[in-house]
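Chain by chain, the residues:
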Amino acid sequence: MTMKLKQLIESSKLQDDYSALLDFVPYAKFIGVTITQDKDGWLFTLATEPNNIGNPITPALHGGVIAGFMEVAAALGQMLTSQHPTIPKIINFSIDYIRAAGVKPTYARCSIVRQGKRIANITVLAWQKDELQPIATARAHFLLGEEV
């Protein structure tokens, strides 16, 4: 990628089109992540792709896809909110599955708990119908590198 990350993020925000940023994270594109901004901040959406189904009998989303979606949301959330965006490298990720996730649009929102010069601590909440009834919560720690 020839464009610097900061320029890519600023351009995405200005145009309200995050497809180029999602191209920067191929797994996000693969599972069908989209980004929008509303009055509460960044909203990440996971599409109902057939490849995201873990149990076709129930049917339910695959737990690994949910975890991957939440990790991607945390990384993108950090990049979108940082004054000096870097490519975050995961240190650890902990997820609590609260209820089964049906095959329907899934949403996530991140909160930056603390962001220093080297480490970021982020929480993520994922839900489907109602934000007050989450399907999973997660905590992520990222190592922040040099600006790209």
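Attention in this report is confined to the structure presented alongside it. Computed from a predicted model, the values in this text were never measured in an experiment.

On to the nonpolar core, then. When a protein is soluble and globular, its nonpolar side chains tend to lie buried together. Leu21, Ile35, Phe44 and Leu76 are the most contacted members of the largest nonpolar core, which has 39 residues in total. Looking at this core element by element, the count peaks at eleven residues for helix H4 (residues 63-81).

Moving on, we get to unusual backbone geometry. Its identity is not glycine, yet Asp16 carries a phi of approximately 50 degrees, on the positive side. Turning to its location among the elements, Asp16 is positioned in the loop between helix H1 (5-15) and helix H2 (19-23).

In terms of burial, strand E2 (residues 41-46) is a largely internal element, six of the six residues being buried. One ladder, built from six bridges, connects strand E1 (residues 33-38) with E2; its direction is antiparallel. When the bridges of E2 are listed, Asp38 appears paired with Gly41. Here E2 runs beside strand E6 (residues 106-115); their pairing, made up of three bridges, is antiparallel. Following the sheet pairing, Leu46 is matched in E6 by Thr106.

Our focus in this paragraph is the sheet that holds strand E5 (residues 89-97). On the basis of which strands lie adjacent, the open sheet formed by six strands has the order E1-E2-E6-E7-E8-E5 and antiparallel pairing. In the strand order of this sheet, the two ends are held by E1 and E5, each with one partner. Averaged over all adjacent pairs, the angle separating strand axes in this sheet is 25 degrees, with direction ignored. Packing of H4 onto the sheet brings it into contact with E1, E2, E5, E6, strand E7 (119-127) and strand E8 (134-143), and relative to E5 it is tilted by some 130 degrees.

Conventions and cut-offs
- Residues numbered from 1 in each chain as written.
- Predicted model: local features only at pLDDT ≥ 70, side-chain atom pairs only at ≥ 80, totals over all residues.
- Heavy atoms only, no water.
- Core = buried A, V, L, I, M, F, W, Y, C linked by side-chain atoms within 4.5 Å.
- Buried < 20%, exposed > 50% of the residue type's maximum accessible area, 1.4 Å probe, protein only.
- Helix = DSSP H or I, 4+ residues; strand = E, 2+ residues; numbered from the N terminus.
- Pairing = 2+ DSSP bridges.
- Axes fitted to C-alpha atoms, helices over the stretch in contact; angles between N-to-C directions.
- Contact = heavy atoms within 4.5 Å.

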